[in-house]
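Structure at a glance
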Amino acid sequence: MILASCAVAAPPKARAELDRRASALSPGVWRRFEWDELGATVAIDVGQGIVQVYPALALCAAGVELRFEWSREEAARTSGRGATALARLMLERQARDLAKAIASDTQLLLAASPYLHGDALTGALLHLAFRRACFQDADPPLAREAFEAAVDAGRERLYPALSELTASARSWFTEAREIRRWLDDPRARSHAPLAEESHAHLRRLLSADRIVAISMEWLRQLPRYIKAEERRWERLLARGSEPPGIFRELNEWTTRAKHLDSRVSAEMRWVPQLDELHAWIEEYRVSLYAQELKTLGPVSAARLSARAAEIDAWVTR
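Numbering of residues starts from 1 in each chain and follows the order in which that chain's sequence is written. Since the coordinates come from a predicted model, pLDDT governs what is reported: local features require at least 70, and pairs of side-chain atoms require 80 or more to be given and counted, while whole-chain, interface and lining totals use all residues. The basis for every side-chain value is the complete set of non-hydrogen atoms in the structure, without hydrogens or water.

Of regular secondary structure, the protein possesses 15 helices and three strands. Throughout, the radius of gyration refers to the C-alpha atoms, and the reference size of a globule is 2.2 Å times the residue count to the power 0.38. For 317 residues, the compact-globule estimate of 2.2 N^0.38 gives 20 Å, and the C-alpha radius of gyration of the protein, at 22 Å, lies within 12% of that figure. Taken along the three principal axes of its C-alpha coordinates, the protein extends 65 × 50 × 30 Å. For each residue, the accessible area found with a 1.4 Å probe, counting protein chains only, is set against the maximum for its type, and the residue is called buried under 20%, exposed over 50%, and partly exposed in between. Within the protein, the fraction of its 317 residues that count as buried is 46%. Numbering goes from the N terminus for both helices and strands, where a helix is a DSSP run of H or I of at least four residues and a strand is a run of E of at least two.

Okay, here's the thing in structure tokens:
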């Protein structure tokens, strides 16, 4: 079976074959930028034809390695994390010093503790700091000369970048603490299912995977999403209830997004529409219970359904 067929019919076999091809082309782990340039595509001869795949820098247990992806978007996403990890390896001493600074920030550690602990918090903040300092929150250069220049220039920006991001993170966790205070209010006891939904929502928003994976454009919206949740509970407890349709819709969209996540993951793939759906679900939440905070654009249940249908069509292609 050729690679193109495996990508649809047998995801694990297809993924293993891509990994085998990448390892044959670039064996071992990268601790610096090994090639002159990471090309846009690589043509693989599979005997029955040529398959175009997309090279990327991928995070692995021992460091960073070459990986092939099926699409340009998947390669860019993989390289975003892998290139940042490679920058950390190339500036290993600075990474250790930044990690110590995070570990010594008792106020931050305590504020983050309901959501992120130890290595997870440190890893997320280091990733964001290196991404900002070396690559200005943009796609990394994938040519050796440009990559090394970006990492070298980022060396002096690391500490200011971490300071900015630590301040942002501290504000996220402080706002989340305010929501937990509302949820601990005796008046919230009669709204236990809604409270649990809010707790789960905060855990999703403030998970390390979410913070690292989403684009900076959407990460900048995080304070607004947390503020919207706080407004929700201020009003709910003041009024004594929430329109029943809100809770139902939130659960339905959470379940649907999780189902689509699982289906795409089973394909061992990723599509950008998935992250966009999660982001627009957050915008929809704002439109339901904190309209004064405004949304980034028009959003409705019908628009979300259309976005979800696109992903569903891709999975069942």
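Once you've had a look at it, read on.
Let's shift gears to the nonpolar core. Grouped burial of nonpolar side chains is what soluble globular proteins tend to show. Remark: nonpolar core denotes a set of buried residues (Ala, Val, Leu, Ile, Met, Phe, Trp, Tyr, Cys) joined through side-chain atoms within 4.5 Å. Within the largest apolar cluster, 90 residues are counted, with the highest numbers of intra-cluster contacts made by Phe-130, Phe-173 and Leu-206. It is helix H8 (residues 158-183) that provides the largest number of residues to this core, a total of 10 residues. Once you skip the residues sitting within four places of it in the chain, Leu-206 turns out to touch Tyr-115, Leu-116, Trp-172, Phe-173, Ala-176, Ile-211, Leu-222 and Ile-226. The contact rule is simple, with two residues in contact once any of their heavy atoms fall within 4.5 Å.

Before going further, it helps to examine the sheet that holds strand E3 (residues 63-69). By the convention used here, strands pair only if DSSP detects at least 2 bridges between them. With antiparallel pairing, three strands are arranged side by side in an open sheet as E1-E2-E3. This sheet does not close on itself; its edge strands, each paired only once, are strand E1 (42-45) and E3. Neighbour to neighbour, the strand axes of the sheet diverge by 40° on average, direction disregarded. The sheet contact formed by strand E2 (residues 50-60) and E3 spans seven bridges and is antiparallel. Within E3, the residue paired with Leu-57 across the bridge is Leu-66. Note on method: axes are straight lines fitted to C-alpha atoms, helices fitted across the in-contact stretch only, with angles between N-to-C directions ranging 0 to 180 degrees. Each of E1, E2 and E3 touches helix H2 (residues 11-25); the most contacted strand, E3, lies at about 120° to it. Sheet strands in contact with helix H3 (residues 72-90) are E2 and E3, and its direction is about 35° off that of E2.

On to the packing of aromatic side chains. Put simply, two rings from Phe, Tyr or Trp (the six-membered ring, in Trp's case) pair if the centres are within 6.5 Å, and we call them stacked under 30 degrees between planes, edge-to-face over 60, tilted for the rest. Tallying each qualifying case throughout the model produces six aromatic pairs. Pairing Trp-30 with Phe-33 gives two aromatic rings, centres 5.5 Å apart and planes at 70°, and the pair type is edge-to-face. Assigned by exposure class, Trp-30 and Phe-33 land together as buried. Relative to Trp-35, the ring of Trp-30 lies with its centre 5.9 Å away and its plane at 55°, an arrangement referred to as tilted. For Trp-30, a relative accessible area of 1% puts it in the buried group. Look at Trp-35 and you get partly exposed, because its relative accessible area is 23%. Within the aromatic cluster, the residues linked to one another by ring pairs are Trp-30, Phe-33, Trp-35, Phe-135 and Phe-147. By the criterion adopted, a ring carries a charge over it if an Arg CZ or a Lys NZ lies within 6 Å of its centre and within 35 degrees of its normal. Positioned above the aromatic ring of Trp-314 is the side chain of Arg-317, whose terminal nitrogen or guanidinium carbon lies 4.0 Å from the ring centre.

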